[in-house]
Amino acid sequence: MKYAVLAPALLALLSLAACGAEEPSDPDAAASASASGDASKETFNPCDGLDITPVEKALGAQLRVEKGTSAAPRCALLPEESGGTAYELNYLPFDGTLAEAWKTMDVKSKEVSEPEVKGAEDARLVKQQGVNSYAVTGFVQNGTLIQSFNSVDLEPYDGDAMDRAAQALLEQLSANAP
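Residues numbered from 1 in each chain as written. Predicted model: local features only at pLDDT ≥ 70, side-chain atom pairs only at ≥ 80, totals over all residues. Heavy atoms only, no water.

**Concerning the pairing of strand β2 (residues 73–79)**
Put simply, the rule reads: Burial classification: accessible surface area is computed with a 1.4 Å probe over protein chains only, and a residue below 20% of its type maximum counts as buried, one above 50% as exposed, and the rest as partly exposed. Counting from the N terminus, the helices are the DSSP runs of H or I reaching at least four residues and the strands are the DSSP runs of E reaching at least two. A pair of strands is labelled paired if DSSP reports no fewer than 2 bridges between them.
A large share of β2 lies buried, amounting to 5 of its 7 residues. Alignment of strand β1 (residues 63–68) against β2, held across 5 bridges, turns out to be antiparallel. Counterpart to V65 in the pairing with β2 is L77. Between β1 and β2, which pair antiparallel in sequence order, lie 4 residues.

Encoded structure:
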């Protein structure tokens, strides 16, 4: 059931990636391209320098940052206590606007908002309440960088806390954007 709730959000992310053309077919080349085409630079990771304290405060729970390795980068915020809200973060360089990318997405949720995020050109939040779960997907655009996250929690979840944490995470991603 957890994955059924995430499917629309994942489709939205895949649609966004499809809009971003010019992605190399070789994964190693894609990682290099993401780092401004300079192989000597480290690939951007949304977790680098991210202040999760406001997210934890809004959520009312402790999180830990999972950054993966240089060979397999990842950015996830995982609950310290079993059964809490988990976040998977990603990004995509995109020459257009989030509004342009949004038009190509097939977002099924009726709960889409455009929150104000300091320093961002645009942002979107998509909320979905499932039978036994609650999910929030967020997007924030700073220049040609669109960062996104998927969050999910199973019952018993606190949807209001997840909504507050989503707004806090959008703020932090925008503030941390290169």
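**Quick word on the state of the cysteines**
Spelled out, the test is: Disulfides are defined as pairs of cysteine sulfur atoms found within 2.5 Å of each other.
On inspection of all chains with the given rule, the structure shows 1 disulfide. The disulfide that involves C47 links it to C75, with 2.0 Å between the sulfurs. Residues C47 and C75 are joined through a disulfide that is right-handed, its torsion about the S-S bond being 90 degrees. Here C47, found in the loop between α2 (27–34) and α3 (53–59), pairs with C75, found in strand β2; they are 28 residues apart in sequence, far enough to count as distant. The exposure class assigned to C75 is buried, which follows from its relative accessible area of 2%.

**Topic: the nonpolar core**
What counts, and what does not: In this text, buried Ala, Val, Leu, Ile, Met, Phe, Trp, Tyr and Cys residues form a nonpolar core when linked through side-chain atoms within 4.5 Å. Note on definitions: a residue-residue contact is assigned when non-hydrogen atoms from the two residues lie within 4.5 Å.
Counting 26 residues, the largest nonpolar core has L77, Y87, L89, F149 and L169 as its most contacted members. Only α3, β2, β3 (86–93), β5 (122–129), β6 (133–142) and α5 (159–176) provide two or more residues apiece to this core. If you tally residues by element for this core, the top one is α5, at 8 residues. Every residue in contact with L169, bar those within four places of it in the chain, is listed here: L50, V55, L77, Y87, L89 and F149. Counting residues in each nonpolar core, the second largest holds 8 residues, with F94, A101, W102 and I146 among its members.

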